[in-house]
Each structure stands twice: as structure tokens, then as C-alpha cells.
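# Results of the structural survey
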Amino acid sequence: MAAEFIPEAEPLHPRDNYLNVRYGVGSWLLTRDHKRIALLYLASITFFFFLGGLFALLIRLELLTPGGDLVQSETYNKLFTMHGVVMIFFFLIPSIPAVLGNFLIPMMIGAKDLAFPRLNLLSWYIYIVGAAFTMWAVVHGGVDTGWTFYTPLSTAAANGHVVATAVGIFITGFSSILTGLNFIVTIHTMRAPGLTWFRLPLFVWSHYATSLIMVLGTPVIAVTLLMVGVERIFHLGLFDPALGGDPVLFQHLFWFYSHPAVYIMILPAMGVISEVVTTFSRKNIFGYRFVAFASVAIAVLGFLVWGHHMFVSGQSVYAGMIFSLLSFLVAIPSAIKVFNWTATMYRGSISWRTPMLYAFGFIGLFTIGGLTGLFLATLGVDVHVHDTYFIVAHFHYIMVGGAIMGYLGGMHYWWPKISGKMYPEGWARFAALIVFIGFNLTFFPQFVLGYLGMPRRYHAYPPEFQVLNVMSTAGASVLGVGYVIPMIYFAWSMRYGKNAPANPWRSTGLEWQTTSPPPTENFPVPPVVTSEPYVYATESEVVG
């Protein structure tokens, strides 16, 4: 994306950037700079990522042997519940929007900040308060309902701290709503002169679609969990059939949000991949408008498919058929994106830099996750594999193979801009390879386990399933190492890494047209956009 800048009279002093223009803890905790708030989120979600990973490691160690050797069944129930709650609500949902979206969207549209800087800071504090409630529940014994909080288990039978956990998620939902609202208003009102809708980077399009889901869907889960807490405390009979309630009503309300929430997690990652693929293929994105509208189509159709989680809940066959058809339909926009990324790479000058390795991993793993989603959208197959490890594998191919691959790809792509430092490329490529191998070794055996009939959420299983479970646990160990390595070399690069140029990848986005790291106001003078996005004059040029 070309832009016109008025040259500065003097170059910026190397210390005049958002990281060190002010010092002290207070300057961070009271900042209104979207870039600093993004780093506050980065520190927070990194903690929860490794906490959720610790729960996952304990789950896999328990499943190393057929008997319940490591923990009791009650503890195991708490482990997989807290793993799901922490990873979904406190890492996956806020990860790319709150970190990369916060940091990049104003820069990508030529703005100095988000539309509501104080609300942006407030959203982080709300996130921390909500997380504190849930952490209190973890420290004081956890919760054992599963991350889905199905009733009447969660309202009448569960022994854990359901209310505290639900309150934490309820509070955190407001953080998500404020972030989405901020992005929508910013994208509508603060674009640089000349930056029309169809000159926006696809990263911005994906976050715009994600923000619509955040604003429209999050209140549903918030009210649903509030109703669970109210029923648990006051026994009102909203969901408990013994009190005249309807547990299937809870499933409708929960999945009306929680399936669109999958797209809150995956759409931003798709935006990252669109940026990475075009940069490291040195080609303009193939079918820009198709990819942009596919993001919006996913956001809209995502609200219409919640019933495919309920094929075995007793809903009518006709409802099941309609939800099955809609579930096949929502796969089309995702397929369009994968096709267009592949077409962009076709005859491009591919550079095997670390962000591109994560993009390759994303495309392959997300495709497997999407295709197995079509299996689950088929009524007959879903009845067979419902609540088996096939579901676990499918979900993780989307969320870990997709969302986390996209997150790591984005972190490596924009790390020079965020930190002003370059990471060691050799270690980064090695980590990407380890993550890919470890992920497939962890989750592909679970497809086989699920097809053979091993149910999820059981801490003991028949001995004939042990070999595949041992493979899965070994893969989880490899995957854990792959996730720790980037944290080490990112931290190392902050002190010892080479200084990054303003545009190390020779990309065309506005965010690369300013210094690394950027000044507080992002641009010395407001940019004026004069061309289409992703303009690569020489497509055969190889990234240096």
C-alpha cells in the first residue's frame, strides 16, 4: 500500500519510541497508547497460555496409562474444565485481537490511536478483574463441569466453584465487547485519507468481522452464565428439569454464542495469514474482495449453525437437517480463503522465513480441521463420534493448529515492529518445525481414538487404546517444548537481538512505513493512501 509522507526535518532520536518515551510502572498501568495496552495484554495472555498448557500436560500424563494412576476422577474433571476455561476465555478469544489487533489496527489505517483510548485501557483492567475471579476458583479447588457448564450438572450437582468461574467469564465478556466496539468505531471513522474500504488490509477486514461477533454474541454468553449462577444460588428453575426448567434451553443459549466464538478465535488468525502469504510470496493477494467478503460471510453464517452441537440432544430431525445444511454452507467462505491463499502462492517467489512456515502450518492443519468439521456436520457420522476424541482432535486442529499457528505467525511477522529487534531466524524455524511435528503427533492419534469409540473426558480407558494415547502424550511434550522456545528467544532478542529496520520484510502495509519500534503517535505526519493494498511491483523479487 503506497502512501505519501512529508519528509521530517530531522530523523527521530532512536529513543523516541513508544517503549521508552516514558518510564515507570505507572506509565504502563495508566497508559492510553494502544501499543502499550497491546503489550499489557501480551503479558497477561502469555501467563494464561502456559497455565492452560500446564493443565493440558497433566491431562496427558494422566492418560499415559489406562488406569486412573495420577489423579482421581474428580481432579481429572477439574483439570479438563480449567484447561478449557483458561485456554478459550482467557487466551484464544483475546489473543490476536487484544494483542496484534490492538497494536496494529490504528497503524494499518493511518490513525494515531483507537477511537476510545480510555475504554481500551479499561478493557484490559476488566479482563484482569474477570481473570482474578476465575483464578480464585482455580486456587480454591477449581470447577468440574466442563468448560461448557452444561445444566443441570452446573446448577445442581457440581461441587466446584461454578459461580466464581461464571462471574469471571461474565466480567471478561465486557472486555471483549469494549474491544470489538472500539475496533468497529475506529475502522469506520479514523481511516487515513484515500483509505477506502477496498484498500483496507485483509487483517483489518477480519478484525472488523470478528468485532461484529464480539459485540453481538458476547452478551448472550454473559447472560447465560449469569442465569446459571442465579439458578445455582436461588433455585429459580431456569434450566433444571427438577425445578421446571429446560436444560436444552441452556444448550441453545450457550452454543448460540460459543460456535460464533470459534470464529472470534479463527478469523483474526485468517487475517494474519492473508498478510503473511502475500508478503512472503511477493504477489498481490488473489481475489482480494472474495477474501474480504468471506470474512463477513463467516461472521454472519456463524450465528446460524449452533444446532450442530445438539444433534443428539433430542432436537427434531428437521432442525438437525437444516443445521447440517447450514454447517456445510459456512465451510464455503473458509474454503474460499484457503483456495485464494494457495492461488496467491502459485508461481510466487516463496520465502521460507519463519512467519511463512507458520502460514504453511496453518493452511494444512486448518484444512484438516475444516474437512473433519464436515464429517461432524453430517448427522449420521456425528451421532457415531459425538463426545469422542474425534471431537477433541477436530476442535484442536482448528484452535491450536489454526488459531495458535496464526497467532505465532503474526507474532514472528510483526515482532520487529513491536520490539524493534530481530529474533534468531534459525531458532525460530526450528521452533516452528517442532510445533508442527508435536501438534500432529498429539492430535492426529485422537482422530483414530475417537473413531474407535474412546469417549472424551474419561480419566480411565480400555487398555487397547493405550498405544495411541502414549503417542498423543509424547506429542504434547514435544509441542510444549515448541511453545517454550519462542518465549525464550523473544525475551532474548529484546536485549541481544539486532536492531530491526523499519520494514525488514519489504511489505507494503502502512504499519511498515514508520520506524521500528514506532513513535507514540505512530506517524510523524498523517499518511495519505494513493494505491491499492498489497502492491508488489516485481513479483519475482525474493525477500532478502
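Residues numbered from 1 in each chain as written. Predicted model: local features only at pLDDT ≥ 70, side-chain atom pairs only at ≥ 80, totals over all residues. Heavy atoms only, no water.

When helices and strands are tallied, the chain shows 15 helices and two strands. Relative to the globule expectation of 24 Å for 544 residues, the C-alpha radius of gyration of the chain, 23 Å, shows essentially globular dimensions. The principal-axis extent of the C-alpha atoms belonging to the chain is close to 75 × 50 × 45 Å. Sorting the 544 residues of the chain into buried and exposed places 58% on the buried side. Restricting the contact set of the chain to residue pairs at least 6 apart, pairs at least 24 apart contribute 83%. Looking at the chain as shown, the accessible area adds up to about 20,900 Å², and 71% of this sits on carbon and sulfur atoms. (Helix = DSSP H or I, 4+ residues; strand = E, 2+ residues; numbered from the N terminus. Rg over C-alpha atoms; globule rule 2.2 N^0.38 Å. Buried < 20%, exposed > 50% of the residue type's maximum accessible area, 1.4 Å probe, protein only. Contact = heavy atoms within 4.5 Å. Areas by Shrake-Rupley, 256 points an atom, 1.4 Å probe, with all protein chains shown as cover.)

Turning our attention to the pattern of salt bridges. Oppositely charged side chains are able to pair whenever their charged atoms sit close together. What the rule picks out here adds up to five salt bridges. The shortest N-O distance in the salt bridge between aspartate 387 and arginine 456 comes to 2.8 Å. Placement of the pair is aspartate 387 in the loop between helix H12 (379-385) and helix H13 (389-419) and arginine 456 in the loop between helix H14 (425-452) and helix H15 (466-496), with a sequence separation of 69 residues. Taken together, the shared-partner salt bridges in this structure form one network comprising Arg353, Glu425 and Arg429. (Salt bridge = Lys/Arg side-chain N within 4 Å of Asp/Glu carboxyl O.)

Together, Leu54, Leu57, Leu58, Leu61, Leu64, Leu70 and Val470 give the surface a local cluster of nonpolar side chains, amounting to about 520 Å² of exposed area. Counting residues per element, the nonpolar patch draws most heavily on helix H2 (residues 34-62), which supplies four residues. For leucine 57, the position within the fold is in helix H2. Classification of leucine 57 by relative accessible area gives partly exposed; the value is 36%. (Patch = residues over 30% accessible without salt bridge, like charges linked within 9 Å, V, L, I, M, F, W, Y side chains within 5 Å.)

This part takes up H14. Note: α-helices contain 3.6 residues per turn, so residues at a spacing of three or four share the same orientation. The end-to-end C-alpha distance of H14 is 41 Å, a good match for the 40 Å that 28 residues give at a rise of 1.5 Å each. Looking one or two residues past H14, glycine 453 carries a phi angle of roughly 110°, positive in sign. (Expected span 1.5 Å × (residues − 1).)

It is worth spelling out unusual backbone geometry at this point. Note: most peptide bonds trans; most residues except glycine with negative phi. Residue threonine 151 is joined to proline 152 through a cis peptide bond whose omega torsion reads 5°. Here proline 152 shows up in the loop between helix H4 (117-139) and helix H5 (153-157). Following serine 516, the chain continues into proline 517 via a peptide bond in cis, with omega recorded as -5°. For proline 517, the position within the fold is in the loop between H15 and strand E2 (528-529). Despite not being glycine, aspartate 387 shows a phi value in the positive range, around 60°. Phi at tyrosine 534 takes a positive value of approximately 60°, unusual for a residue other than glycine. Here tyrosine 534 shows up in the segment after E2.

If you look at the biggest cluster of nonpolar residues, it comprises 162 residues, and the most contacted ones within it are Phe89, Leu100, Phe203, Ile266, Trp341, Phe362 and Trp414. Tallying contributions element by element places helix H3 (residues 73-108) first for this core, with 22 residues. With sequence-adjacent residues up to four places away left out, phenylalanine 89 is seen in contact with Gly84, Pro94, Trp147, Ile169, Thr172 and Tyr257. (Core = buried A, V, L, I, M, F, W, Y, C linked by side-chain atoms within 4.5 Å.)

Before going further, it helps to examine the environment of glycine 53. Within the element layout of this structure, glycine 53 appears in helix H2. Classification of glycine 53 as partly exposed rests on a relative accessible area of 28%. Between the C-alpha atoms of glycine 53 and glycine 180, which are 127 residues apart in sequence, the distance is 27 Å.

Remember that the coordinates give geometry; whether it matters functionally is a separate question.
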